[in-house]
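Breakdown of the fold
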Amino acid sequence: MAIPVPEKRVAAFEKFGFGMFIHWGLYSQMGQGEWIQNVRKIPGEEYQKLQQTFTASKFDAHKIAEVAKAAGAKYITLTTRHHEGFSLFDTKGLNTYDAPHSPVGRDLIREYVDACNDVGIVPFFYHTTLDWYDPRFNSDFKAYLQYLRDSVEILCSEYGKIGGLWFDGNWSKPNEDWEEDALYKVIRRHQPDAIIVNNTGLSHRGEMGNIELDSVTFEQGRPTPLDREGMPKYMAAEMCQTINAHWGYGYADVNYKSLAHLIETLCACRKVGANYLLNIGPTGEGEIPLLQEALLRGIGDWIRMTGNGIYEGKPCGISGVGKNFALSTADSKKTWFYVHDLGIVGDANVTVEGGGVGEKTFSGVKGKVKSLRWTDCDEQLSFTQDGETLTFNATGYPYGKNLVVRVAEAEME
Ligand code: GLC
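Analysis parameters
- Starting afresh in each chain, residues are numbered from 1 along the sequence in its written order.
- Confidence filtering applies because this is a predicted model: local features only for residues at pLDDT of at least 70, side-chain atom pairs given and counted only at 80 or more, and all residues used for totals across whole chains, interfaces and linings.
- Excluded from the side-chain calculation are hydrogens and water; included are all heavy atoms of the structure.
- Axis lines are fitted to C-alpha atoms, over the contacting stretch for helices. Their N-to-C directions set the angle, which ranges from 0 to 180 degrees.
- The helix and strand labels rest on DSSP assignments: H or I over at least four residues marks a helix, E over at least two residues marks a strand, and numbering proceeds from the N terminus.
- In what follows, a contact means two residues having at least one pair of non-hydrogen atoms within 4.5 Å.
- Residues were grouped as follows: Ala, Val, Leu, Ile, Met, Phe, Trp, Tyr, Cys and Pro as nonpolar; Asp, Glu, Lys and Arg as charged; and all remaining residues, including Gly, as polar.
- Put simply, a nonpolar core is a bunch of buried Ala, Val, Leu, Ile, Met, Phe, Trp, Tyr and Cys residues held in one set by side-chain atoms that sit within 4.5 Å of each other.
- Partly exposed describes any residue whose relative accessible area lies between the buried limit of under 20% and the exposed limit of over 50%, with all areas from a 1.4 Å probe on protein chains only and scaled to the type maximum.
- Domain segmentation is taken from an automatic or database assignment of domains.
- Given the number of residues in a helix, its expected span is that number minus one, multiplied by 1.5 Å.
- At least two DSSP bridges between two strands are needed for those strands to be called paired.
- The cutoff for a nearby residue is simple: one of its non-hydrogen atoms must lie within 4 Å of the molecule or strand.
- For this analysis, a polar contact is any N or O atom pair within 3.5 Å, provided that within protein one partner can donate a hydrogen and the other can accept it, and provided that sequence-adjacent residues contribute only side-chain to side-chain pairs.
- Accessible surface is estimated by sampling points in the Shrake-Rupley manner with a 1.4 Å probe; for residues, cover comes only from the protein chains shown.
- A patch consists of residues whose relative accessible area exceeds 30% and which take part in no salt bridge; residues with like charges are grouped when within 9 Å of each other, and nonpolar side chains (Val, Leu, Ile, Met, Phe, Trp, Tyr) when within 5 Å.
- Within this document, salt bridges are pairs made up of a side-chain nitrogen of Lys or Arg and a carboxyl oxygen of Asp or Glu, the two lying within 4 Å of each other.
- Only Phe, Tyr and Trp rings are paired, with Trp represented by its six-membered ring, and only when their centres lie within 6.5 Å; those with planes under 30 degrees apart are stacked, over 60 edge-to-face, the remainder tilted.
- Here, a charge over a ring is recorded when the distance from Lys NZ or Arg CZ to the ring centre is within 6 Å and its angle to the ring normal is within 35 degrees.
- What sets the label is the angle itself: under 35 degrees gives roughly parallel, over 145 gives roughly antiparallel, 65 to 115 gives roughly perpendicular, and the rest give oblique.
- By convention, the crossing between two helices is left-handed when the near helix turns anticlockwise from the far helix through less than a right angle, and right-handed when the turn is clockwise.
- By definition, the buried area sums, over both parts, the 1.4 Å-probe accessible area that each loses when the two are put together.

1. Some points on the packing of helix H4 (residues 61-70) against helix H10 (residues 290-306)
As a packed pair, H4 and H10 sit with axes 7 Å apart at the nearest point and diverge in direction by 40°. Residues Lys63, Glu66, Val67 and Ala70 of H4 form the contact with H10, whose own contacting residues are Glu293, Leu296, Arg297, Gly300 and Arg304. Residue classes in the contact of H4 with H10 are distributed as three nonpolar, one polar and five charged.

See below:
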């Protein structure tokens, strides 16, 4: 059976490779994650008081877009409304539980989209489908779904061209009819090129859903290769992940992933052609915590040192030993080999990580390699190719350098 050809928008989305997720809402003021209202069983009237203290005094959309850009992210997915039901956008009278009716007094989504457009980052909108605020979610589900569609229609018609919509929450009522066709029709009417995602949650990773959806999700997990043979349409894949242990800001969550771990995870996603959507959780005032910003910038530094492979390259049937893998351009003119666990070669009195250096073998290399060099310097690498098997000498990092994953770029005949 054949693998379907991706639609143009889906192929473009796959090339984004890396995106920045942002969870920000009233809950950020409590600094204990975005589920705090539910987990602590805080009564609605009490929780909703957070609207009166929501000032966004340190929210700087340009700064956020600039950090994403520096991180090498090609898109941002921001929570326009999370499960708490509060909207960062102007709901145009659907209710008053929105940013313009808080001390902020402005439409924050407008600022977000404008900043993304200025910097050249594609804005995506996360929108919850599960709602802890609107009573109709429990009392009159059909009416609630109309409210959901009206909200989404505002997002699709008020802000110019957007990258896509990212829904989350259908897993909360698995047996309900969510009228998904009607929802996606609203989007397609205004934004025919938008990517539509609907998170399948922690227990149904990688599952296809409605035919209008453009990507499957792998929430908090290593994505596995998708078997696209015989699929009714080509779907992309995306893995979203927290940078510490919560999506929304957690002042006492210090369980951060290391920069090395984030780089390896980006590689693990791209190895199977999935996008990596890495989350940050700004504070209640809207500021990106320093450590989160630093980690994001660190990823950008790595991307700049190791080249375009993570955007331009796709899985191409080449396999390496262990975590090593390769990506290739569609025309097979360029192939990138990703080498993990290389050591530093330096003075034995100071260097303790000399291992991992030497011959690396990759199989399934269809084309003929003309030349090979590290992307982080001009060093040419010696190699032999026997049919589809390529072996090259992976020289260690010179003292002063360690990239976690080092990338060799091949020109192919
Ligand atoms: C989960 C959570 C939610 C978070 C999302 C991100 O579904 O409910 O809080 O926004 O994952 O993938």
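After presenting the structure, the write-up continues.
2. Notes on the nonpolar core
Core analysis: the largest hydrophobic core is formed by 111 residues, its most contacted members being Phe18, Ile109, Trp302, Phe337, Tyr338 and Phe392. For this core, the element with the most residues is helix H7 (residues 141-157), which contributes nine residues. Both domains that furnish three or more residues to this core are identified here as domain 1 (8-306) and domain 2 (312-412). Filtering out sequence-adjacent residues up to four positions away, Phe337 remains in contact with Ile318, Phe325, Ala326, Phe362, Val365, Leu372, Leu390, Phe392, Arg406, Val407, Ala408 and Ala410. Formed by 15 residues, the second largest nonpolar core is a distinct cluster that contains Val10, Phe13, Tyr75 and Trp166.

3. Considering the environment of Ser258
Within the secondary structure layout, Ser258 lies in the loop between strand S7 (236-241) and helix H9 (259-271). Through-space distance from the C-alpha of Ser258 to that of Asn244 is 9.3 Å; in sequence the pair is 14 residues apart.

4. Comments concerning H7
In this model H7 runs 24 Å from its N-terminal to its C-terminal C-alpha over 17 residues, within 8% of the 24 Å that 1.5 Å per residue would give. All of the buried residues in H7 are Phe141, Tyr144, Leu145, Tyr147, Leu148, Arg149, Ser151, Val152, Ile154, Leu155 and Cys156. Tucked into the core, H7 has its buried residues touching strand S2 (75-81), helix H5 (108-119), strand S3 (122-128), helix H6 (136-139), strand S4 (164-168) and helix H8 (180-190).

5. Points about the pairing of strand S13 (residues 358-363)
A regular strand places its side chains on the two faces of the sheet in alternate fashion. Pairing between strand S9 (residues 314-320) and S13: two bridges, direction antiparallel. Bridge pairing in S13 places Ser319 opposite Ser363. In this sheet, strand S16 (residues 389-394) lies alongside S13 in antiparallel orientation, the contact comprising five bridges. Bridging from a neighbouring strand, Glu359 pairs with Asn393 of S16.

6. Here's the deal with the site of the ligand
Of all residues adjacent to the ligand, which total 14 residues, the nearest are His23, Glu34, His82, His83 and Glu219. The side chain of His82 places a nitrogen or oxygen atom 2.8 Å from an oxygen atom of the ligand. Here an oxygen atom of the ligand sits 3.1 Å away from a polar atom, N or O, in the side chain of Asp168. Its free accessible area being 310 Å², the ligand has 95% of it covered by the protein chains. Tallied by class, the residues present in the shell around the ligand amount to seven nonpolar, four polar and three charged.

7. Here we look at a nonpolar patch on the surface
Together, Trp35, Val39 and Trp171 make up a nonpolar patch on the protein surface, roughly 280 Å² of accessible area in all. Along the chain, Trp35 falls in the loop between strand S1 (18-22) and helix H2 (36-39). Taking the relative accessible area as the measure of exposure, Trp35 reaches 31% and is therefore partly exposed.

8. Observations concerning the packing of aromatic side chains
How two aromatic rings sit relative to each other is set out by the distance from centre to centre and by the angle between their planes. Following the criterion strictly, the structure yields 31 aromatic pairs and no others. Here Tyr97 and Tyr133 contribute two aromatic rings whose centre-to-centre distance is 4.0 Å and whose plane-to-plane angle is 20°, an arrangement assigned as stacked. Here Tyr97, found in the loop between S2 and H5, pairs with Tyr133, found in the loop between S3 and H6; they are 36 residues apart in sequence, far enough to count as distant. With a centroid separation of 5.1 Å and 80° between ring planes, the pair formed by Phe137 and Tyr144 is classed as edge-to-face. Three or more aromatic residues joined by ring pairs form one cluster here, namely Trp24, Phe54, Phe59, Phe86, Tyr97 and Tyr133. One residue, Lys173, lies across the ring of Phe137, its end atom 4.5 Å from the ring centre. We note Lys173 situated over the ring of Phe141; from NZ or CZ to the ring centre the distance is 5.2 Å.

9. Structural notes on the packing of H7 against H8
Relative orientation of the contacting elements H7 and H8 amounts to 15°, with a least axis distance of 9 Å. Our classification of the angle between H7 and H8 gives roughly parallel. As H7 runs across H8, the sense of the crossing is right-handed. Packed against H7, whose contacting residues are Leu148, Arg149, Val152, Glu153, Cys156 and Ser157, the element H8 presents Ala182, Leu183, Val186, Ile187, Arg189 and His190 at the interface.

10. Notes on the pattern of salt bridges
Applying the stated criterion to the full structure yields 25 salt bridges. Of the charged contacts in the structure, one is a salt bridge between Arg136 and Asp134, with a shortest N-O distance of 2.8 Å. Its salt-bridge partner being Arg188, residue Asp214 comes within 3.1 Å of it at the nearest N-O pair. Note that Asp214 is positioned in the loop between strand S5 (195-199) and strand S6 (215-217) and Arg188 in helix H8, a separation of 26 residues in sequence. A single burial state applies to Asp214 and to Arg188, both of which are buried. Members of the salt-bridge network, linked through shared partners, are Glu7, Arg9, Arg188, Glu212, Asp214 and Lys233.

11. Examining the domain arrangement of the protein chain
Per the domain assignment, the segments of the protein chain are domain 1 (8-306) and domain 2 (312-412). Contact with domain 1, which involves 14 residues of that partner, is made by 16 residues of domain 2. Taking both partners together, domain 1 and domain 2 bury about 1300 Å²; carbon and sulfur atoms supply 61% of that area. Counting the surface domain 1 buries against domain 2, the share from its top three residues, Glu264, Lys271 and Thr306, is 39%. Counting every contact that joins domain 1 to domain 2 gives three salt bridges. Linking Glu264 and Lys323 is a salt bridge whose minimum nitrogen-to-oxygen distance equals 3.2 Å. Between the two partners, domain 1 and domain 2, sit six residue pairs in polar contact (both at pLDDT 80 or more).

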